[in-house]
Structure formats: C-alpha cells, structure tokens
Amino acid sequence: MSLSILLVAAIVAGGCSERDVPRDTEISLPETPLAEEPPVNEPPLEEPPAGKPEVFVHSSVLTGSEWELTAFENATTGEITAPAPAPDDICYRLSFRTDSFYTGLSTGSIIYGYYCADARETIRLYPGNITFEAERSPDGEIFCDALRDATCSFLLSDGELKIVNREKNVSLLFKPVSKESAAASTLTGTMWKLTAFVNRKTGEASAPKELYMSFVLWFKTDGRFAGRSSSNSMAGKYSVDLSSGTIDIQGWTLTYAGENPDGYLFIETLERGIHPYELSENELRIFGNNDFYLQFKLY
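Here the phi dihedral of Tyr92 falls at roughly 55 degrees; this positive angle occurs in a residue that is not glycine. In this fold, Tyr92 is placed in the loop between strand E2 (80-81) and strand E3 (93-96). Overall, Tyr92 belongs to the buried group, its relative accessible area being 2%. Residue Asp158 is not a glycine yet carries a positive backbone phi of 55 degrees. Structurally, the position occupied by Asp158 is in the loop between strand E7 (150-157) and strand E8 (160-165). Exposure remark for Asp158: the relative accessible area of 79% places this residue in the exposed category.

Nonpolar side chains in soluble globular proteins tend to end up buried together. Counting 26 residues, the largest nonpolar core has Phe96, Ile123, Phe143, Leu161, Ile163, Leu172 and Phe174 as the members making the most contacts within it. Discounting residues that sit within four places of it in the chain, Ile123 has contacts with Leu62, Phe96, Tyr115, Cys116, Ala117, Ala150, Thr151, Cys152 and Phe154.

Another point: helix H3 (residues 261-269). Working note: α-helix, 3.6 residues per turn, so residues spaced by three or four point in the same direction. All of the buried residues in H3 are Asp262, Gly263, Leu265, Phe266, Ile267 and Thr269. The backbone nitrogen of Asp262 lies 3.1 Å from a side-chain oxygen of the residue at the head of H3, namely Asn260.

Moving on, we get to the pairing of E7. Summarising the sheet, E7 and E8 pair through five bridges and their orientation is antiparallel. When the sheet's bridge partners are listed, Ser157 is paired in E8 with Glu160. Remark: two residues form the turn of the hairpin made by E7 and E8, two consecutive strands paired antiparallel; Asp158 in that turn has positive phi of roughly 55 degrees.

Looking at where Ala75 falls in the secondary structure, it is placed in the loop between strand E1 (66-74) and E2. Among the residues examined, Ala75 registers a relative accessible area of 26% and is labelled partly exposed. In this structure the C-alpha to C-alpha distance between Ala75 and Asn165, which are 90 residues apart in sequence, comes to 7.8 Å. Apart from the residues lying within four places of it in its own chain, the contact partners of Ala75 are Val164, Arg166, Asn169, Val170 and Ser171.

This part covers the pattern of salt bridges. On inspection of all chains with the given rule, the structure shows nine salt bridges. Among the salt bridges present, the one from Asp145 reaches Arg148, with a minimum N-O distance of 3.8 Å. Judged by its relative accessible area of 24%, Asp145 falls in the partly exposed class. What you see here is one network of salt bridges that share partners, running through Glu66, Glu68 and Arg93.

In this structure the tally under the stated criterion is eleven aromatic pairs. Measuring from ring centre to ring centre gives 5.0 Å for Tyr114 and Tyr126, while their planes differ by 20 degrees; the resulting arrangement is stacked. Here Tyr114, found in strand E5 (residues 110-117), pairs with Tyr126, found in strand E6 (residues 122-129); they are twelve residues apart in sequence, far enough to count as distant. Overall, the relative accessible area of 17% leaves Tyr114 in the buried class. Between Phe287 and Tyr293 the ring centres are 4.9 Å apart and the planes differ by 45 degrees, which places this aromatic pair in the tilted class. Neither Phe287 nor Tyr293 differs from the other in exposure class; each is buried. Here the aromatic residues Phe72, Tyr92, Phe143 and Phe174 are joined through ring pairs into a cluster of three or more. The ring of Tyr126 has Arg124 lying over it, and the distance from NZ or CZ to the ring centre is 4.7 Å. The ring of Trp218 has Lys220 lying over it, and the distance from NZ or CZ to the ring centre is 4.8 Å.

Rules used in this analysis
- Residues numbered from 1 in each chain as written.
- Predicted model: local features only at pLDDT ≥ 70, side-chain atom pairs only at ≥ 80, totals over all residues.
- Heavy atoms only, no water.
- Helix = DSSP H or I, 4+ residues; strand = E, 2+ residues; numbered from the N terminus.
- Buried < 20%, exposed > 50% of the residue type's maximum accessible area, 1.4 Å probe, protein only.
- Core = buried A, V, L, I, M, F, W, Y, C linked by side-chain atoms within 4.5 Å.
- Contact = heavy atoms within 4.5 Å.
- Polar contact = N/O pair within 3.5 Å; in protein donor to acceptor, adjacent residues only side chain to side chain.
- Pairing = 2+ DSSP bridges.
- Salt bridge = Lys/Arg side-chain N within 4 Å of Asp/Glu carboxyl O.
- Phe/Tyr/Trp six-rings, centres within 6.5 Å; stacked < 30°, edge-to-face > 60°.
- Lys NZ or Arg CZ within 6 Å of the ring centre and 35° of its normal.

Quick look at the structure:
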C-alpha cells in the first residue's frame with residue numbers, strides 16, 4: 001500500500017485534515033510478509049530430440065493420434081473435393097507420435113518430421129522428408145505441399161480433424177484411423193515395421209535401435225516398394241511368387257550415408273535378389289543371404 005493511501009486513511013480515522021500531519025513525520029508500519037503463491041505442479045518438459053529447435057510443446061490433444069485424409073477444402077471458398085488415392089493402397093495417413101515426431105504416407109512417399117502444437121489450436125510442422133518425386137497424382141502433391149514447412153491451425157470437432165494451411169489456401173480434412181486392423185493375407189498394399197533381427201543359427205533376437213520412421217517397408221500395389229533404413233530412404237521394385245514363398249527385390253535406390261550398425265544390417269539382409277519369406281497373420285519374416293532374418297509387424 002502506498003504512503004499517500006495510508007495518510008488518507010489516517011486522516012479519515014482521526015477526523016483531522018491533511019494540514020494537521022507534519023510533513024517530516026515518519027510513519028512506521030509493521031512488516032507483513034507477502035503471501036506466497038501456491039506452487040504449480042506441471043510435468044517436467046523432456047529434452048527435445050537432437051536437431052529440433054528449443055521451442056516445442058511436451059504434449060497436445062493431437063499427441064498419439066492417427067488420421068486418414070477424407071477431403072481437401074479450399075480455405076477461401078469452402079469447396080470440398082475428395083482425394084484420388086491409388087486403388088487398394090495405403091495413402092494420405094498422418095500420425096502424431098508421443099515423441100513430438102509425426103509420420104505419414106502420401107500417394108508415393110513415406111513422410112516424417114516433427115511438430116509443435118499448443119492449446120491455441122496452432123501447429124508448426126518441421127518436415128524431415130517430404131518430396132514430390134514419387135507422387136503419383138496431383139492430390140499427392142497437394143497433400144505434401146500443405147504439410148511442408150508450415151504453420152497451420154487445427155480444429156478437432158466431433159472426432160474429425162481439420163488442418164488449415166492459409167498460406168497454401170487449403171485445408172486437410174481427416175477422420176481417425178481405426179485401431180482394428182485385419183490380418184494381412186498378402187504383402188501387396190501393406191506396410192511393415194521391423195521388430196527384431198533374428199540370428200538364424202542361434203535364434204537370438206535383438207530389437208533395432210528405434211529412430212523416427214525407421215526400419216519400415218511399404219509394398220505398394222503397383223509393384224514398387226518404399227521404406228527407410230536407420231537414416232535413409234529406400235525405393236525400388238518387388239515381385240512375389242506365392243508358389244515358392246519368395247519375394248524378389250530389385251532396382252532399389254539407396255545410400256549408406258549416416259547409417260548406424262542396425263541400418264547396415266537391415267540393408268545387408270535386404271540386398272537385391274530373391275528372399276524366402278513367411279507371412280502369418282500380422283507378422284512377416286524376410287530371410288536374407290546372411291545369418292539373419294528380419295521380423296516385422298503390420299504397421
């Protein structure tokens with residue numbers, strides 16, 4: 001409380017005027033400690049993964065959710081058009097992981113990056129791998145372009161998600177991906193995540209060192225495959241012989257730059273050529289020309 005307020009209070013209480021108070025009078029007040037604010041119990045923020053900016057959000061309403069595109073919307077006119085994915089292929093997926101990375105599938109590429117989202121329904125996307133070279137339709141390019149290095153607004157309403165990129169004048173409308181996945185009866189059109197390297201002689205299994213969107217294979221419906229090792233994208237052609245239970249992997253593009261030991265082993269086991277494979281419900285095994293086979297789960 002300021003000195004002037006105290007003086008006015010003293011005048012009113014004592015029935016005297018301000019002139020009755022000597023100007024050199026010292027007024028001493030008892031020291032009253034300020035009340036401390038109660039502590040706020042907030043969860044500690046985790047350190048961001050290497051290469052990410054310092055500003056990021058620990059979690060948001062999007063964290064842990066997975067979505068499938070249903071339509072494009074013109075952000076100005078509101079006109080809605082459905083995407084045209086490749087028949088029977090997995091396309092237009094977007095998943096917000098719990099480690100601040102997002103992953104997804106367009107019409108021809110595996111995309112990934114990291115995201116920051118806040119309570120004001122704003123999301124910032126930092127792409128790690130979004131290119132147009134492998135896209136098979138204009139809609140695939142629109143999807144990638146809307147997610148490439150963008151600050152967007154998002155809206156969750158009645159279980160649906162809208163991501164609005166005003167700079168690109170497009171909104172992406174999503175529905176949640178069903179958690180119930182049927183067992184795979186064929187490799188075509190499926191996507192797989194590596195769970196273990198298994199030594200064929202000893203039976204010893206070791207899990208790969210997990211990185212964002214690493215050690216995945218996507219067998220597309222047009223005879224092409226895409227995937228990622230520990231650090232690099234991979235792509236090529238494949239064919240399946242059901243009578244012999246083999247898969248022929250050919251014509252891939254790949255670089256060993258930046259691979260960790262698990263990445264080298266993954267590439268070595270999947271070298272060009274014909275590989276026996278076993279498919280049972282949601283598990284896939286691909287046998288290499290070395291002492292290992294790769295064990296996958298349906299992604």
